[in-house]
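# What the coordinates show
Single-letter residue listing:
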Amino acid sequence: MVAGQNHLAKGRDNRRAAALVCDNDFVLPVRYNRSMAESQKFLLPAIDLRNSRVVRLTQGDYNRQTVYGNDALEQALNFESAGASWLHVVDLDGARSGQIEHGTQIERICTQTQLKVEVGGGVRSADSIRQLLAVGVTRVILGTAALSDWNWFETLVGQEEFRYRLVLGLDARAGMLAISGWQQQTKIGAMDIARRVS
């Protein structure tokens, strides 16, 4: 069970964070922050990193993986040349280990493209957030850490240095939240949480 569930159930409001619900490779922005057009909807191309490769997991299953390439920067440049302005990056190894594992690849994407990059996976501390922002990441996605310690997340959202820079990431399998890099399934409805924080 996710720590802080009582705070989530009470519907505490966080207007400075956006929420994303990811269910079977679909990314749905639930609330846009003020830096985005409130009525605009768009698709975010995504790069998932595992063992230094660009991959996609089927329904969050690490045993059902498709490898798309070995160069995350090349993939990001392909998305950029196709017209993308944003890129969603997930450090799958970091999501499992609890620390950023692909920082070098993320930094290369940020410094060698014009893309606005949001990153999640393995971000469990304010220092990790700062590390990502320092290399050029536009937004940092918090999932497991936020859902495990809701008070910590609310405190971060309220800090000026992170204003409009944090996203609540909600991974879902069959509509129910999954945390720790898809390794722990909960009985909490992802859309219920998304609606409560939007």
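These remarks concern the structure in this document. The model shown is predicted, which means the values in this text are computed figures rather than measured ones.

For the chain, the count of helices and strands is eight helices and 11 strands. Here the chain holds 198 residues, and 49% of them are scored as buried. Relative to all contacts within the chain whose residues are 6 or more apart in sequence, the contacts with residues 24 or more apart total 63%.

Okay, the nonpolar core next. Nonpolar side chains in soluble globular proteins generally cluster together in the buried interior. Core analysis: the largest hydrophobic core is formed by 40 residues, its most contacted members being Ile 129, Val 140 and Leu 142. In this structure, Leu 142 is in contact with Val 123, Ile 129, Trp 152, Phe 153, Leu 156, Leu 166, Val 167, Leu 168 and Gly 169, ignoring residues within four places of it in sequence. In this structure, Val 55, Val 90, Leu 92 and Ala 95 belong to the second largest nonpolar core, which totals six residues.

Turning our eyes to something else, we now look at the packing of aromatic side chains. Aromatic rings in a pair are described by how distant their centres are and how their planes are angled relative to each other. Considering all chains together, one arrives at one aromatic pair under this definition. On the basis of an interplanar angle of 50° and a centroid distance of 5.1 Å, the ring pair of Trp 150 and Phe 153 is categorised as tilted. Of this pair, Trp 150 and Phe 153 both sit in helix α7 (residues 150–157), separated by three residues, roughly a single helical turn. Assigned by exposure class, Trp 150 and Phe 153 land together as buried. Of note, Arg 96 hangs over the ring of Tyr 62, and the distance from its end group to the ring centre comes to 3.9 Å.

Attention now goes to the pattern of salt bridges. Counting across every chain of the model gives six salt bridges. Note that Arg 130 is salt-bridged to Asp 127, the shortest N-O span being 3.1 Å. Residue Arg 130 and its partner Asp 127 are both found in helix α5 (residues 126–134); the two are separated by three residues, about one turn of the helix. You can call Arg 130 partly exposed: its relative accessible area is 34%.

A few words now on unusual backbone geometry. The backbone phi angle of Asn 51 is positive, close to 50°, even though this residue is not glycine. Assignment of secondary structure puts Asn 51 in the loop between β3 (46–50) and β4 (53–58). Judged by relative accessible area, Asn 51 falls into the exposed class, the value being 53%. Of note in the backbone geometry, Ala 174 takes a positive phi value of approximately 55° without being a glycine.

Within helix α4 (residues 103–112), burial applies to Gln 105, Ile 106, Ile 109 and Cys 110. Down the axis, α4 shows its buried residues gathered within 135° of arc, on one side only. When the buried face of α4 is taken as reference, the exposed residues oriented beyond 90 degrees from it are Thr 104 and Thr 111. If you follow the buried residues of α4, they end up packed against β3, α2 (72–81), β6 (86–91), β7 (116–120) and α5.

As a further point, take α7. Those residues of α7 lying buried are Trp 150, Phe 153, Glu 154, Leu 156 and Val 157. On an axial view of α7, the arc spanned by its buried residues comes to 160°, and they lie on one face.

Packed helices, taken two at a time, are described by the angle between their axes plus the distance between the axes. The geometry of α2 relative to α4 is characterised by a closest axis approach of 9 Å and an angle of 35° between their N-to-C directions. Both α2 and α4 take part in a crossing whose hand is right-handed. Counting all contacts with α2, which are made through Ala 72, Leu 73, Ala 76 and Leu 77, the residues of α4 involved are Gln 105, Arg 108, Ile 109 and Gln 112. Residues belonging to the contact of α2 with α4 are distributed by class as follows: five nonpolar, two polar and one charged.

In terms of burial, β7 is largely enclosed, as four of its five residues are buried. In this sheet, β7 lies alongside β6 in parallel orientation, the contact comprising five bridges. Within the sheet, the bridge partner assigned to Leu 87 lies in β7 and is Val 117. Looking at chain direction, β7 and strand β8 (residues 139–142) are connected through three bridges and run parallel. Each residue of the ladder has a partner; that of Glu 118, found in β8, is Arg 139. For the crossover that starts at β7, traverses α5 and ends in the parallel β8, the hand is right-handed.

What counts, and where the lines are drawn
- Residues numbered from 1 in each chain as written.
- Predicted model: local features only at pLDDT ≥ 70, side-chain atom pairs only at ≥ 80, totals over all residues.
- Heavy atoms only, no water.
- Helix = DSSP H or I, 4+ residues; strand = E, 2+ residues; numbered from the N terminus.
- Buried < 20%, exposed > 50% of the residue type's maximum accessible area, 1.4 Å probe, protein only.
- Contact = heavy atoms within 4.5 Å.
- Core = buried A, V, L, I, M, F, W, Y, C linked by side-chain atoms within 4.5 Å.
- Phe/Tyr/Trp six-rings, centres within 6.5 Å; stacked < 30°, edge-to-face > 60°.
- Lys NZ or Arg CZ within 6 Å of the ring centre and 35° of its normal.
- Salt bridge = Lys/Arg side-chain N within 4 Å of Asp/Glu carboxyl O.
- Arc of directions from axis to C-beta.
- Axes fitted to C-alpha atoms, helices over the stretch in contact; angles between N-to-C directions.
- Left-handed = near helix turned anticlockwise from the far one by under 90°.
- Nonpolar A, V, L, I, M, F, W, Y, C, P; charged D, E, K, R; others polar.
- Pairing = 2+ DSSP bridges.
- Right-handed = clockwise from strand over helix to strand, strands pointing away.

Bear in mind that shape data such as this cannot, by itself, settle questions of function.
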